[in-house]
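Here is how the chains run, residue by residue.
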Amino acid sequence: FSGMALSAVVLLLACCLLLPETAVRRPGKISLLSLAGKIIRDFRLWQYALLVALFNILLFSYYLHGPFIFKVLGFSDTAFGFSGIALGVATLLGSLSNAGFLRRGVTPRRLISFACLLALTGCVGIFYLRTSIWLLLPMMWLVYAYAIAIPNLLSGALVHYQTQLGSARALFGL
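Not measured: the values here are computed from a predicted model. (Residues numbered from 1 in each chain as written. Predicted model: local features only at pLDDT ≥ 70, side-chain atom pairs only at ≥ 80, totals over all residues. Heavy atoms only, no water.)

Novice: Provide a residue-level description of the packing of helix α2 (residues 32-40) against helix α7 (residues 165-172), including the pertinent values.
Specialist: Direction vectors running N to C along α2 and α7 enclose 60 degrees, while the axes themselves pass 10 Å from each other. Classified by the angle between their axes, α2 and α7 sit oblique to one another. Of the two elements, α2 crosses α7, and the hand of that crossing is right-handed. Contacts between α2 and α7 involve L32, L35, A36 and I39 from the first element and S167, A168 and L171 from the second. In terms of residue class, the contact of α2 with α7 is made up of six nonpolar, one polar and no charged. (Axes fitted to C-alpha atoms, helices over the stretch in contact; angles between N-to-C directions. Helix = DSSP H or I, 4+ residues; strand = E, 2+ residues; numbered from the N terminus. Parallel < 35°, antiparallel > 145°, perpendicular 65-115°, else oblique. Left-handed = near helix turned anticlockwise from the far one by under 90°. Contact = heavy atoms within 4.5 Å. Nonpolar A, V, L, I, M, F, W, Y, C, P; charged D, E, K, R; others polar.)

Encoded structure:
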């Protein structure tokens with residue numbers, strides 16, 4: 001235990017002394033309260049936060065309702081668990097596609113719009129296939145869109161807060 005405690009103290013001191021955001025002599029240092037006020041008034045940031053929240057709701061509603069849907073369709077909890085493999089493949093494909101699109105010069109803003117369109121079509125598909133196991137296909141489509149949208153949303157949300165990025169990330173996460 002004492003070794004872990006000593007490591008924690010050393011890490012805390014290193015962070016306070018070496019990280020640019022916690023360095024004592026930093027020009028233009030802004031207080032956390034002032035930063036929070038700036039973030040609260042930033043309409044653009046609220047738009048990003050709303051999109052992140054909506055994508056999370058789309059994804060996690062499946063994890064919330066999925067077991068019950070599978071039970072109604074006559075499948076076991078194990079079958080629902082295996083659906084995670086399909087969603088994992090879709091996530092991987094979405095991440096790889098996102099990286100490929102960015103390498104080809106597609107802007108994050110365009111990718112976010114594309115992902116929103118994909119998510120919308122996925123939701124329509126889920127609605128129409130909700131009484132069939134085939135709802136997994138549009139759900140995979142939705143997860144593919146999630147894997148494209150979320151990295152671009154999170155990387156773009158705080159671009160105006162680069163000098164206080166760690167604190168801004170902490171406040172954005174609230």
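What follows continues from the structure just given.
Novice: For helix α6 (residues 136-157), give the residues involved together with the corresponding values.
Specialist: A rise of 1.5 Å per residue sets the reference length of α6, with its 22 residues, at 32 Å; its end C-alpha atoms lie 30 Å apart and thus fit the reference within 8%. α6 sits mainly inside the fold: 16 of its 22 residues count as buried. (Expected span 1.5 Å × (residues − 1). Buried < 20%, exposed > 50% of the residue type's maximum accessible area, 1.4 Å probe, protein only.)

Novice: Report on the packing of aromatic side chains, specifying residues and quantitative values.
Specialist: Going through the model one piece at a time under the given rule, you end up with nine aromatic pairs. On the numbers, 5.4 Å between centres and 40 degrees between planes, the contact of Y62 with F80 is tilted. A residue pair is termed long-range when its members are at least 10 positions apart, and Y62 in helix α3 (residues 43-72) and F80 in helix α4 (residues 77-103) qualify at 18 residues. Its relative accessible area of 5% is what places Y62 among the buried residues. Of the residues examined, F80 reaches a relative accessible area of 15% and is grouped as buried. Its end group placed over the ring of F127, R130 keeps NZ or CZ at 4.2 Å from the ring centre. (Phe/Tyr/Trp six-rings, centres within 6.5 Å; stacked < 30°, edge-to-face > 60°. Lys NZ or Arg CZ within 6 Å of the ring centre and 35° of its normal.)

Novice: Outline the nonpolar core, supporting the account with residue identities and numerical values.
Specialist: Within the largest apolar cluster, 36 residues are counted, with the highest numbers of intra-cluster contacts made by I39, F55, Y62, M139, L153, L158 and Y161. Going through the elements one at a time, α2, α3, α4, α5 (108-128), α6 and α7 are the ones with two or more residues in this core. Counting residues per element, this core draws most heavily on α6, which supplies twelve residues. Among all residues touching L153, those that are not within four sequence positions of it are Y48, L51, V52, F55 and I112. (Core = buried A, V, L, I, M, F, W, Y, C linked by side-chain atoms within 4.5 Å.)

Novice: Provide a residue-level description of the packing of α5 against α6, including the pertinent values.
Specialist: Interaxial distance between α5 and α6 falls to 8 Å at its minimum, and their mutual angle equals 155 degrees. Relative to α6, the element α5 lies roughly antiparallel. Of the two elements, α5 crosses α6, and the hand of that crossing is left-handed. Residue-level inspection shows P108, L111, I112, F114, A115, L118, A119, T121, G122, C123, G125 and I126 of α5 in contact with α6, the latter providing P138, M139, W141, L142, Y144, A145, I148, A149, N152 and L153. A per-class count over the contact of α5 with α6 returns 18 nonpolar, four polar and no charged.

Novice: Now, about a nonpolar patch on the surface: what can you tell me, with residues and values included?
Specialist: Residues L117, L120, V124, F127, Y128, L129, W134 and L137 make up a contiguous nonpolar surface patch of roughly 880 Å² in combined accessible area. Here the element with the most residues in the nonpolar patch is α5; it accounts for five residues. Examined against the element boundaries, V124 turns out to sit in helix α5. The exposure class assigned to V124 is partly exposed, which follows from its relative accessible area of 41%. (Patch = residues over 30% accessible without salt bridge, like charges linked within 9 Å, V, L, I, M, F, W, Y side chains within 5 Å. Areas by Shrake-Rupley, 256 points an atom, 1.4 Å probe, with all protein chains shown as cover. Salt bridge = Lys/Arg side-chain N within 4 Å of Asp/Glu carboxyl O.)

Novice: Please provide a residue-by-residue account of α2, values included.
Specialist: Side chains that are three or four residues apart share a direction in an α-helix, a result of its 3.6 residues per turn. Buried within α2 we find L35, A36, G37 and I39. The elements touched by buried residues of α2 are α3 and α7.

Novice: Provide a residue-level description of the side chain of D42, including the pertinent values.
Specialist: When you line up the elements, D42 lands in the loop between α2 and α3. Of the side chains bearing the opposite charge, R44 lies closest to the buried D42, which forms no salt bridge; the N-O distance is 5.1 Å. Among the polar contacts listed, one links the side chain of D42 to the backbone nitrogen of R44, at a separation of 3.2 Å. (Lys, Arg positive; Asp, Glu negative; His and termini not counted. Polar contact = N/O pair within 3.5 Å; in protein donor to acceptor, adjacent residues only side chain to side chain.)

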